[in-house]
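# Structural features, examined
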Amino acid sequence: MGGLGVFPAVRLSLPSRRLFAFLGLQSEPVSRARAAGALWPDVPESHSRANLRRATWQSPSEWIATDGDTLQLLADVDLPAARATATRAIGGGVLSLDDITRLSHDLLPGWNEEWVIAHQDAFRLLRVQALEAACRTMAARGLFALATQAGTAALAAEPLRESAAAALIYAHLSEGNRYAAACRFRDFSRTLHDELGVHPDPTLTAAVAAAVGGISDEAPLPPTSLERRFR
């Protein structure tokens, strides 16, 4: 989470790093053919298998198990624990600040190879759903500090996710922080207007208006970034 780190620290070649990352995303042993094809898809099979043998040879031998035609990483990976934390939050569990921090990181950020993108997208959705659910759960239980931390992390990950913005705003309102709720509403309104040209959901608008007054669905918004550029 947040990048590829190896503990205890060892110096790895780039092929070894890619192999470690690929195996770390798998929940079970994988065949050499699958690993080679995923990591080196644009070269002939003989070359990809040679690259895989080289990457395996360059890696610490005690970290990769070879059993016939399969490979498996012999190391603990933080992704399963993060998924378990997210699942607990979606099920109505309370998160600690450490849990929220763990779910605030993307999976292997900056890696854009085809074999990792699907994992990244799936985990980002999972962590945002978990943070949003935790925000609502903890606000309902009066744990407002943790609720707003979770909501802020969810909205930072997906700035246009209206349900995450609503969860955070309602948490501020439940805590009695009308000013914080109004500021968050205005920031989200600007983002939504700049990116999509729409207003927030009328139900959310009405809830904020009832708490602080002076806000309506037709309230003028600041100019978009494009409009500001040509003024």
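Each value, and the rule that gives it
Residues numbered from 1 in each chain as written. Predicted model: local features only at pLDDT ≥ 70, side-chain atom pairs only at ≥ 80, totals over all residues. Heavy atoms only, no water. Helix = DSSP H or I, 4+ residues; strand = E, 2+ residues; numbered from the N terminus. Expected span 1.5 Å × (residues − 1). Buried < 20%, exposed > 50% of the residue type's maximum accessible area, 1.4 Å probe, protein only. Core = buried A, V, L, I, M, F, W, Y, C linked by side-chain atoms within 4.5 Å. Contact = heavy atoms within 4.5 Å. Phe/Tyr/Trp six-rings, centres within 6.5 Å; stacked < 30°, edge-to-face > 60°. Lys NZ or Arg CZ within 6 Å of the ring centre and 35° of its normal. pLDDT = per-residue confidence, 0-100. Pairing = 2+ DSSP bridges. Disulfide = S-S within 2.5 Å. Salt bridge = Lys/Arg side-chain N within 4 Å of Asp/Glu carboxyl O.

## Observations regarding the environment of Glu28
Positionally, Glu28 belongs in the loop between α1 (14-24) and β1 (30-31). Counting along the chain gives 43 residues from Glu28 to Leu71, while the straight-line C-alpha distance between them is 9.0 Å.

## Regarding helix α7 (residues 144-157)
With 14 residues, α7 ought to run about 20 Å at 1.5 Å a step, and its terminal C-alpha atoms sit 20 Å apart, in line with that. Of all the residues in α7, the buried ones are Ala147, Thr148, Ala150, Gly151, Ala153, Ala154, Leu155 and Ala157.

## A look at the nonpolar core
Leu23, Leu103, Trp115 and Phe123 are the most contacted members of the largest nonpolar core, which totals 54 residues. Per-element accounting of this core gives the leading share, 11 residues, to helix α6 (residues 114-140). Sequence-distant contacts of Trp115, that is, excluding residues within four places in its chain, are made with Arg18, Ala21, Phe22, Leu25, Ala38 and Leu39. Ranked by size, the runner-up nonpolar core spans seven residues in total, among them Ala166, Ile169, Leu173 and Ala181.

## Thoughts on the environment of Ala81
For Ala81, the location among the structural elements is in helix α4 (residues 78-90). Under the relative-accessibility criterion, Ala81 is labelled partly exposed at 41%. Along the primary structure Ala81 and Phe123 are separated by 42 residues, whereas in three dimensions their C-alpha atoms are 12 Å apart.

## A closer look at the packing of aromatic side chains
Considering all chains together, one arrives at three aromatic pairs under this definition. Considering the side-chain rings of Phe22 and Trp115, the 5.7 Å spacing of their centres and the 80 degrees angle between planes classify their relative orientation as edge-to-face. Within this pair, whereas Phe22 is found in helix α1, its partner Trp115 is found in helix α6, the two being separated by 93 residues in sequence. Trp115 gets classed as buried once you look at its relative accessible area, which sits at 10%. The ring of Trp40 has Arg18 lying over it, and the distance from NZ or CZ to the ring centre is 5.2 Å.

## Here's the deal with the confidence of the model for the chain
Averaged over all residues, the pLDDT of the chain is 89; the fraction at 70 or higher stands at 92%. Considering only residues more than four positions removed or in separate chains, one finds that residues 216-231, a stretch of pLDDT under 50, has 20 contacts.

## Points about the sheet that holds β1
One key point about sheets: their strands pair by backbone hydrogen bonds, in either a parallel or an antiparallel sense. Read across the open sheet, the three strands follow the order β1-β3-β2; overall the sheet is antiparallel. With one partner strand each, in any of the chains shown, β1 and β2 (64-67) form the two edges of the open sheet. Where β2 and strand β3 (residues 70-73) come together, four bridges link them in antiparallel fashion. If you follow Asp67 over to β3, its bridge partner there is Thr70.

## A closer look at the state of the cysteines
Inspection of every chain in the model, using the stated rule, returns zero disulfides. Left unpaired, Cys135 is separated from the closest cysteine sulfur, that of Cys183, by 17 Å. A residue is classified by how much of its surface remains accessible, and Cys135, at 0% relative accessible area, is buried.

## Overview of the pattern of salt bridges
Applying the stated criterion across every chain yields a total of 10 salt bridges. Put simply, Asp99 and Arg88 hold a salt bridge, and the shortest N to O gap is 3.2 Å. On the criterion of sequence distance, the pair formed by Asp99 in helix α5 (residues 97-102) and Arg88 in helix α4 is long-range, its members being 11 residues apart. Residue Arg127 is joined to Asp106 by a salt bridge in which the shortest nitrogen-to-oxygen separation is 2.9 Å. A residue pair is termed long-range when its members are at least 10 positions apart, and Arg127 in helix α6 and Asp106 in the loop between α5 and α6 qualify at 21 residues. On the accessibility criterion, Asp106 (21% relative accessible area) is partly exposed.

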